[in-house]
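Letter by letter, the chains look like this.
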Amino acid sequence: MQCPKCHAAMHTYNRNGVQIEQCSGCRGIFLDYGELEALTRLESQWVQQAPPAPPAAYPAQPAPAAPAWGAPQHGGHHGGHHRQRGFGRMLFSS
Amino acid sequence: METAAPNQPDVPARLAVLARAAAHGTGRPCDCAGGLLRVLADRADGTVVRHGALVAKAHAPDTDPEGHRARLALAAHPSVAGIFLPPLPLPLRPAGGRGTGDDGTAAEVAGRPVTVWPYGPPVDPENPEAAPWEEAARLLALLHRTPPPRALPAPLPAMRAPVKAALAVDRMRGTAPDHPAAATVLRAWRTVPGARLVPAPRDRFLCHGDFHLGQLVRDARDPVHRPWRLIDVDDAGLGDPAWDLARPAAWFAAGLLPADVWSRFLGAYRAAGGPAVGADPWDRLDVPARALTVQTAALALAKSTAEGRPLDEVEEVMIDTCVRIAGNRTDPAPPAST
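Residues numbered from 1 in each chain as written. Chains lettered and ligands numbered in written order. Predicted model: local features only at pLDDT ≥ 70, side-chain atom pairs only at ≥ 80, totals over all residues.

Peer 1: So what's going on with the pairing of strand S2 (residues 18-23) of chain A? Residues and values would help.
Peer 2: Residue and element names in this part refer to chain A. Bridge count between S2 and strand S3 (residues 29-30): two bridges; the pairing is antiparallel. Within S3, the residue paired with Glu21 across the bridge is Phe30. Here S2 folds back onto S3, and the loop between the two strands holds five residues, one of which, Arg27, carries a positive phi near 70°. (Pairing = 2+ DSSP bridges. Helix = DSSP H or I, 4+ residues; strand = E, 2+ residues; numbered from the N terminus.)

Peer 1: Account for the domain arrangement of chain B, with residues named and values stated.
Peer 2: All names here are of chain B. You can read the domains of chain B as domain 1 (11-118) and domain 2 (128-326). Each of domain 1 and domain 2 has a C-alpha centre, and the two are 25 Å apart. Counting residues at the interface gives 20 residues for domain 1 and 21 residues for domain 2. Elements represented by at least two residues in the side of domain 1 that touches domain 2 include exactly helix H2 (65-76) and strand S5 (112-118). With nine residues, the single largest contributor to the side of domain 1 that touches domain 2 is H2. (Domains from an automatic or database assignment. Contact = placed C-beta atoms within 7 Å.)

Peer 1: Give a detailed account of helix H3 (residues 133-145) of chain B, specifying residues and quantitative values.
Peer 2: All names here are of chain B. With 13 residues, H3 extends 18 Å from end C-alpha to end C-alpha; this agrees with the ideal 18 Å at 1.5 Å per step. Residues Trp133, Ala136, Ala137, Arg138, Leu139, Leu140, Ala141, Leu143 and His144 constitute the buried set of H3. Considering only its buried residues, H3 is in contact with strand S6 (205-207), strand S7 (216-218), strand S8 (228-230), helix H6 (242-253) and helix H7 (259-271). (Expected span 1.5 Å × (residues − 1). Buried ≥ 20, exposed ≤ 12 C-beta atoms within 10 Å, placed from the backbone.)

Peer 1: Report on the nonpolar core, specifying residues and quantitative values.
Peer 2: All names here are of chain B. In terms of nonpolar packing, the biggest core is built from 99 residues, with Val185, Ala246, Val294, Ala298, Leu301 and Cys322 touching the most fellow members. Ranked by residues supplied to this core, first place goes to helix H8 (residues 282-306) with twelve residues. Viewed by domain, this core spans two of them, domain 1 (11-118) and domain 2 (128-326), each represented by three or more residues. In this structure Leu301 touches Met172, Ala176, His179, Ala181, Ala182 and Val185, once residues within four positions along its chain are discounted. (Core = buried A, V, L, I, M, F, W, Y, C linked by C-beta atoms within 7 Å.)

Peer 1: How would you explain helix H4 (residues 161-175) of chain B if you had to name every residue and give the values?
Peer 2: Residue and element names in this part refer to chain B. For H4, built from 15 residues, the straight-helix expectation of 21 Å at 1.5 Å per residue is met to within 8% by its first-to-last C-alpha distance of 21 Å. When we look at burial in H4, the residues that qualify are Ala161, Pro162, Lys164, Ala165, Ala166, Ala168, Val169 and Met172. On its buried face, H4 is in contact with helix H5 (182-189), strand S9 (237-239), H6 and H8.

As structure tokens, this is what we get:
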């Protein structure tokens, strides 16, 4: 399948049983009818299953402002792995 | 890590001789433990060799001599004494290098200017929780609030953060033009308004120019408090202080720096009276953070191509961020010149 936007090849991925197509060029994602609803349902299930947050030492702060192009903030999704590797990179010039 | 300097294999060795002379004087005995003598960095843009309580640094071969003199004098200036680690005197007759100049600061090894500094323990890469984000923010706020010193031996140049972003894009164009993600990085770069890459008349703040956590060390000369200090004035100068916050901002925007850490950093910067941002921090941070994202992504393509390896997970995140930047232009403005 070709991307309708940039015409590069689309690759099929399976996310929790939902088939999605992602473009190898512009990285756009193509969803079939009903797939967005399926993903939304899965996400709300994930949130419900998540363990309760540990008691905070400070009152909960509102999420800081982010730019329009910022990554979606998933509280906790980007767990230790990214965080640890990212931290090491922040010690170096780039 | 920058590219090594393959034509100058003797620079670390000659720097080690100079560092020893700076630590002990020539011809005197050295009783430093072997573990305290080592090469801390060996890159084209900076070779650093430790000898006991000090380090000697060979700067980039293309260092601008006038700018270097001004930057060195800035680091030694009393007005930034609690912010930058100050340079130490060079040995009078460095073995393997040219002699000390009239002002006591000029020496070179293999055509590269050399300086000597106190050794300071860096941030522990194994312990992210202990990273001194608040202290880093406070030091940057203090630097930005310090009026530029008037009586320097040469005019303080512009800080180099925007130039470094443009150079990274040039390097990617030169060495990885056919990488599948190169077009994406260039599209993101074209959303950076060229006007923000040159200093505006209002941008007369003292800036570090290349801030990241590797630019902090403890000042071990005060063994009780061991206060954190900024190091590396090679890119320092006058400019828009938002660029000094741009790397943490870019990492937060990419989803790599946790929101609570970013809040702590920005909160500490504001609490210390830092002038870089107003009520909406992204008014000033948006463009520099885009540029730092592009810079990081461009260097990732250049380095991964040179090393013949695929992008790693963190590098992929930066490319994904470039995709979102490319799809989200800034307000109508002239595009970046390159």
